[in-house]
Each structure stands twice: as structure tokens, then as C-alpha cells.
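Per-entry structural report
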Number of protein chains: 2
Amino acid sequence: MSALIMDGTSVATSALAETAERVRDFTARVGRPPVLATVLVGDDPASHTYVRMKRSRCARVGIGSRSVELPATTTTAELVGLLAELSGDPAVDGILLQHPVPGHVDERAAFEAIAPHKDVDGVTTRSFAAMAFGLPGFASCTPGGILRLLDAYDVPLPGRRAVVVGRSPILGKPVALLLLARDATVTCCHSKTADLAEVVREADVVVAAVGRPELVRGEWVKPGAVVVDAGYNPGNVGDVEHATARERAGLITPVPGGVGPMTIALLLEQTARAAEANAGLA
Amino acid sequence: MSALIMDGTSVATSALAETAERVRDFTARVGRPPVLATVLVGDDPASHTYVRMKRSRCARVGIGSRSVELPATTTTAELVGLLAELSGDPAVDGILLQHPVPGHVDERAAFEAIAPHKDVDGVTTRSFAAMAFGLPGFASCTPGGILRLLDAYDVPLPGRRAVVVGRSPILGKPVALLLLARDATVTCCHSKTADLAEVVREADVVVAAVGRPELVRGEWVKPGAVVVDAGYNPGNVGDVEHATARERAGLITPVPGGVGPMTIALLLEQTARAAEANAGLA
């Protein structure tokens, strides 16, 4: 038996079409498109690619973007100052700080300089708490995108056992909290987990989010389980040993074409939502 | 075999003695004691008792307290206004809003009106994120007190399986995040968990924090496990079926005399710490 593939590209395409319609409506009513400011610090080629891709998706749905590129020598104070300025700029609706930032920059201080109502990438502590407590606010885009994908495939969550492998502030922890808010029984695993195989075997839903190629072995997957692979390692390899996992899972995301497209779709939808709120339409 | 009892009263007494010394030192240097403002809304007798107890403990370690009692008819706006005023008052070092507040009050809005540097009860979203991300800040007192108690008994956490029963914003979720920050593999259970017995059986450390008398049955406890009972139900009954759990556990907290005293000890220690920071000593 082979798993059904969760087609993130297709689900994201529908979501993007809805966002495009929303953006058309906004632009007609407000007289300008929603605007996402992207901030990039340093010369990391992958980060440049990601930002370019996000800006090009913005353009496709009619969202304007403003690009700020800063040298790798930028200080924390300079970056914080810029983000505070964008937070106060009425012509900017959403702010995306591409991470990772260079090692000498205090990334948390930078994130916190983003006004919560423009935090469309869901990186501030305020957004984190909103996800945890079910308050109004923006979700981190990858975790929020994963939940959308699970919903698109009608994956039941209440009372099911979900296992999240990874505990980063913008991926593992928020996805665990979102699954908990949806009434799953959630286990968080990480590099210190004593017997990862045993924990994954219990899972009705597994989310792999560590950035280690094929860390989650196919033979650990409970037959019929839902496997979400949020890893994206060089060579289009995920955090799950896909070929073998696919033989046991009920549903599985591909890499690429699974979680990735959902992340961008959520970013754009949240930008449209921020613009509506900033314009007093929501 | 019967479990060793984790004596929260005794551990808290040592902690309070340290805080008393800190407070003496602070008072000598600053010329006034640290001050905790307690805010109580409405007529709930249990809440009145808790606040009285906290104020009396403050007095014993030399912390001054300011008591604000508001009628049950207080609006959210009035409460928010008062908490904002106390947040800006240089003569107040820490603020405790006794919960629950009356049903018509937006408790989250009230909590958020407490300045993070005076949030010695650890109830703001900022404090929550600090616990989650290991940032400087104050812990929710019961979760923080539980961690202190585990440390006092040298309970190993890295790689161990911890199960938290309950997911409230000031108890279940923060204790789960603190255990995760200490490298435990953490599972969060709640009312929708399908087979609570099975999940508890996996736990090396169980924290019961739901407020349902003896919900966690003794026979579910893995032999030798550490059992922390944060429940406190009428008649001195915890959330754990103590008599039978005690026969299986390696370590167990009593009710009362386990988690309760640690909660107050942490509140006072955090008030002393807030005062030191507010006076520029820390």
C-alpha cells in the first residue's frame, strides 16, 4: 500500500487564487495594493533566492513589495531601527525579516522590533503567544501552512497523537502549540530525545521539522499515519526517509511541493489580512 | 515500595530564607523594601484567602505589599487602567492580579496591561514567550516552582519522557515549555486525549495540572516515576489518586505541602528580583 500524496502545490494554488481576489478587492477599495516589506541582511545565496521567490509570488497575486537589502556588517541597533521605522510606516502593511540573520545580530531583538499588526511572518513573541492561546494574531507561516494542509486533506486532529520532531521558535514549538490548540495530544521531540523511533511509532500525525536529511526513518511510521515533512535539505531531501515512509503512511507530503508552497501561501494571505486591518476594512 | 515524598514546604522554606536575606540587603541599600501590589476583583472567598496568604508571606520575608480590592462590577477598562497605573508607578516593583477575575472581564487584556518587568506572577504573553524561548523574564509561579522542586530532588530531565496533564495558559502550557527547555521529551494531554492512561504510563515524570480530583489514577503511574500533583481540589485532594500512586512512584508531591508552597516562594523571589532590577541593582 502506498500513501496518498498531500499536494501542497495544488492546495497553495487555490489559496493563492483566493488571496489574489482579496487583493483585487482591496486595491479597488483603497486605491493601492497591499505592501509587504522584505528585509534581507547579508549575502547568503539561499536567503536571496527565498526573498526573490517571495517577492515574485507577491507580484503574481497583486501584492506590492518593498525590498530592503542591508550589508552583512549591519548592527543589531541599525536593523532594529529599520524595522521600527517600517513598523511605523503607513505605506507598509506587512514586514518579513528573512532569517537567519548574520551571527552577530540579535535575531530576537530584531524580530521584536516588528509591530505585531505587521508581523505577517509570525515571528514575534506576541504572535507566538497568540498561537499558543488562540488569540487574534498571525501564525508563523510554516506551522500555519501545515495546519491548512492538514485541513485540506480532512485530517482529524482532536484526541489523535501528534509528534513534532524539532523545537525551533518559528517551526517546531509553534506547530506543536497549533496542534494542541486543535485538541491533538502533542509530543515534542528533539536532539536529546532518548528513543525517537519509539516516540514516532506512537504518532497518528508526525511533523518532521529539524533540518536533518531523512532523520525520521520510514520503518518508524505507524501504518496509516499522516506524515508532514517540513524539512528542506540540499538536493531536495526532506527530514523524512520518503521512499520507505510512503509505503507505510496513509498521507504524506512530498519534498518539494508539500509544506513549502503552503508557507508562501500563508505569508501572502496574512499580508492581505494585515492590509485590510491597517486600512480599517477588517 | 513507597515513594519518597517531595517536601515542598521544606524546599520552599529554604528558598524563602534566601529571599529574606536578599530583601534585607535590598532594603538596606535602597532605603525601602520591595513592594508587591496585589489586585483582587470581586468577592470570591478562595481568592481572598489566597491574596491574604500571599500578603502575609510577603510580610514574613520583609516585602511590602499594597492591596487593591475592586468590586465585582469592575469593567475591563477600569481594571486595565489600574494595572497600567501600577505598571508606571515607581513605588511598585511587582504586580499580582489574582485570578480568576469575574466572567465579564477580559482576563487576557488585564494580564497584558501588566508591564513585563513587573510581571512577577508570569502571566503576560511576553513572560510566556520568555519561558518558551529561554529569554530573560519571569516564569509563571506554579510552573517555575515545579521546576525548582524537581531540581531540589535532582530529578534528571534531559531525554526523559515528561507528560503534562492540562494545558491552561498559566499552568499546563508553561510547565510543558519549561520541561522542553530542560530537554525533556514532553507530551501535553487534556480533556480530549483519547487514552490518558496509556500516555501517563509512558511518563518518567508526570505533572497533573487540571483541577479534577484524582483524575490521574495510581495504577497508571510507571513504577519509579516522578509524580507532581499541581491540583488542589476541595478537601485537600489533588489531581492524582495519591494513596495508590505513592505505592508505584519513585518520588511524589503531597497535597497540600508539595507544589503550593513552591508557587509562593517563587512569587516572592521574583518580586525581590524585580525590585533589584527596578532599582538598577541587577
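In what follows, the accompanying structure is described. (Residues numbered from 1 in each chain as written. Chains lettered and ligands numbered in written order. Predicted model: local features only at pLDDT ≥ 70, side-chain atom pairs only at ≥ 80, totals over all residues. Heavy atoms only, no water.)

1. With respect to the interface of chain A and chain B
- At the junction of the two partners, chain A supplies 30 residues and chain B supplies 30 residues.
- Interface area, chain A with chain B, both sides summed: about 2,600 Å², of which 62% is carbon and sulfur.
- Summed over the shared surface of chain A and chain B, the result is 10 salt bridges.
- Between Glu-202 of chain A and Arg-161 of chain B there is a salt bridge, and its shortest N-O distance comes to 2.9 Å.
- Our count for the contact surface shared by chain A and chain B stands at 17 residue pairs in polar contact (both at pLDDT 80 or more).
- The set of elements that each furnish at least two residues to the side of chain A that touches chain B consists of helix 4 (107-112), helix 5 (125-133), helix 7 (172-181), strand 6 (185-189) and helix 8 (196-201) of chain A.
- Looking at the side of chain A that touches chain B, its residues break down into 14 nonpolar, 6 polar and 10 charged.
- As paired strands, strand 6 of chain A and strand 6 (residues 185-189) of chain B are joined by 3 bridges and run antiparallel to one another. Looking at the pairing, Cys-188 of chain A lines up with Val-186 of chain B of strand 6 of chain B. (Contact = heavy atoms within 4.5 Å. Buried area = accessible area lost by both parts, 1.4 Å probe. Salt bridge = Lys/Arg side-chain N within 4 Å of Asp/Glu carboxyl O. Polar contact = N/O pair within 3.5 Å; in protein donor to acceptor, adjacent residues only side chain to side chain. Helix = DSSP H or I, 4+ residues; strand = E, 2+ residues; numbered from the N terminus. Nonpolar A, V, L, I, M, F, W, Y, C, P; charged D, E, K, R; others polar. Pairing = 2+ DSSP bridges.)

2. Here we look at the pattern of salt bridges
- Applying the stated criterion to the full structure yields 32 salt bridges over all chains.
- Between Arg-217 of chain B and Glu-241 of chain B there is a salt bridge whose closest N-O contact spans 2.9 Å. Of this pair, Arg-217 of chain B sits in the loop between strand 7 (205-208) and strand 8 (226-229) while Glu-241 of chain B sits in the loop between strand 8 and helix 9 (242-248), and the two are 24 residues apart along the sequence.
- Via salt bridges that share partners, Arg-161, Glu-198 and Glu-202 of chain A together with Arg-161, Glu-198 and Glu-202 of chain B belong to a single interconnected network.

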